[in-house]
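A look at the structure
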Amino acid sequence: MPSARSLRSAIIAIVLNCLWAGAAVVQANPMLLVDMDNLAVLYEEDAGQPWHPASLTKLMTAYVAFEEIQKGTVTLQTPVVLSRNAINQAPSKSGLPVDSALSLQDALYIMIVKSANDIAMGIAETVGGTEAQFVAKMNETAARMGLSATRFVNPHGLHDPAQQTSARDLAVLSLYLRQNFPQYAEMFGTEFVQLGKAKLESNNALLTKFAGTTGMKTGYVCASGLNMVVTVERDGRRLLAVVLGGSSARDRNERAAELVLRGLSGAARPAGQSLLALANNPSAAPVDMRARICGQQAPEYVKAQEAAFPMGLKGQPSYLNDAIPAQSYVATNLGRVRVGIELPRPRPDHAPAFPIASDVVGIEAELRPGMAATATGPVPMPRPRPNL
């Protein structure tokens, strides 16, 4: 006689397959589900389609900062001073005034959790010397990772028509973050940062409502719709889902949770394809969602999406039913540093250490199943902060 657990898994699989069939009639935006232990693609839909990354850009901003910390060019205690240029970035922002200073560690937490654009610019100017020099490092790193559909123009993800990526590339980038810099995983799983009296909260609802969620990042601009990369560890499985172009936060969050549940239940099965073998379509233009998300088409588009995928709407079932304690972090405003005080050291002009090429160029250690850490020697660990 089958166990209660196996019966429940079978019922979930049937329900998910029925919902998936119903959702197929609406506009399909890029989605991807990957088994992090063997890089197997469990499900993909337009995963190679170029897309505007919005604040998922900050995954690469964090990666470049982590690399520079590992090299010793900066430390977790290096002060990040918010210039007038940084403060002038559009929201979301930290709320700090011009010339405010934070440690690089605190700045990274605020950038990742709050998705603060002023902080992302401050990190870029501190680590790279200038925004342009830092963006050059971002694109160099993308080339080393083999992200052939990815091009960065800024470090925060505010819309630029030339800034693009794909679900496939975002999954590869996210897995490199987990593999090469596991000591910073806590940053991506933090729900809010306390900065003085301000509580800077994440938009990743799965962190507190979907058991096993460990990270990573959300993003939104009108041209992209609502984007998400999420990692989940449950029942001995480690899965990563990417959802791009959601019509609302509810739509994005519920679809990501559904993808993961399909993987856990067996409804999504590997097709024998590795993530690294998944093809991009870099010659295609990024989809522009502005008319459907922020323009005249938005009411009709959102209504159609809700009708086709009602999970989480009022009176409808939801996948986000768990109650997970919020993980928090306390950041410290170091005060204002007046203009004219030099940064910790001068930065030379950036000269790429690796050729920029369209084919895959090896990074420090190739992405591989198991995602074991590759760092050698002493690895700087974020200092512990008390929970509130």
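Residues numbered from 1 in each chain as written. Predicted model: local features only at pLDDT ≥ 70, side-chain atom pairs only at ≥ 80, totals over all residues. Heavy atoms only, no water.

Here's the deal with the confidence of the model for the protein chain
The predicted coordinates ought not to be read in detail in places where the model reports low pLDDT. Residues with a pLDDT of 70 or more make up 80% of the protein chain, whose mean pLDDT is 86. Confidence over residues 1-25 falls short of pLDDT 50; this stretch has 24 contacts with residues more than four positions distant or in other chains. (pLDDT = per-residue confidence, 0-100. Contact = heavy atoms within 4.5 Å.)

Comments concerning the state of the cysteines
Evaluated as defined, the whole model comprises one disulfide. Residue Cys222 pairs covalently with Cys294 via a disulfide, S to S 1.9 Å. A torsion of -85° about the S-S bond marks the disulfide between Cys222 and Cys294 as left-handed. Placement of the pair is Cys222 in the loop between strand E7 (213-221) and strand E8 (225-234) and Cys294 in the loop between helix H11 (290-293) and helix H12 (298-308), with a sequence separation of 72 residues. Since its relative accessible area comes to 39%, Cys294 is described here as partly exposed. (Disulfide = S-S within 2.5 Å. Helix = DSSP H or I, 4+ residues; strand = E, 2+ residues; numbered from the N terminus. Buried < 20%, exposed > 50% of the residue type's maximum accessible area, 1.4 Å probe, protein only.)

What to know about the pairing of strand E6 (residues 198-201)
By the bridge criterion, four bridges tie strand E5 (residues 192-195) to E6 in an arrangement that is antiparallel. Counted as the bridge partner of Val193 is Leu200 from E6. (Pairing = 2+ DSSP bridges.)

What about helix H5 (residues 117-128)?
Counted at 1.5 Å a residue, the expected span for H5 with its twelve residues is 16 Å, and the 16 Å between its end C-alpha atoms agrees. Among the twelve residues in H5, twelve count as buried, and that is most of the element. Listing the buried residues of H5 in full gives Asn117, Asp118, Ile119, Ala120, Met121, Gly122, Ile123, Ala124, Glu125, Thr126, Val127 and Gly128. Check the buried side of H5 and you find it contacts helix H2 (57-71), strand E3 (79-81), helix H3 (84-87), strand E4 (101-103), helix H4 (104-114) and helix H6 (131-145). Residue Gly129 follows H5 closely and has a positive phi angle near 95°. (Expected span 1.5 Å × (residues − 1).)

What about the pattern of salt bridges?
Summed over the entire model, instances satisfying the criterion amount to eleven salt bridges. The salt bridge partner of Glu68 is Lys71, with a shortest N-O separation of 3.2 Å. Here the residue Glu68 and the residue Lys71 both occupy positions in helix H2, the gap between them amounting to three residues, near one helical turn. Assessed through its relative accessible area of 54%, Lys71 is described here as exposed. One continuous salt-bridge network, built from bridges that share partners, spans Glu67, Glu140 and Arg144. (Salt bridge = Lys/Arg side-chain N within 4 Å of Asp/Glu carboxyl O.)

Points about the side chain of Asn253
The residue Asn253 is located in helix H10 (residues 249-265) in this model. The class of Asn253 is buried, set by a relative accessible area of 6%. Setting aside residues up to four positions removed in sequence, Asn253 forms contacts with Asn203, Ala205, Leu206, Met228 and Leu320.

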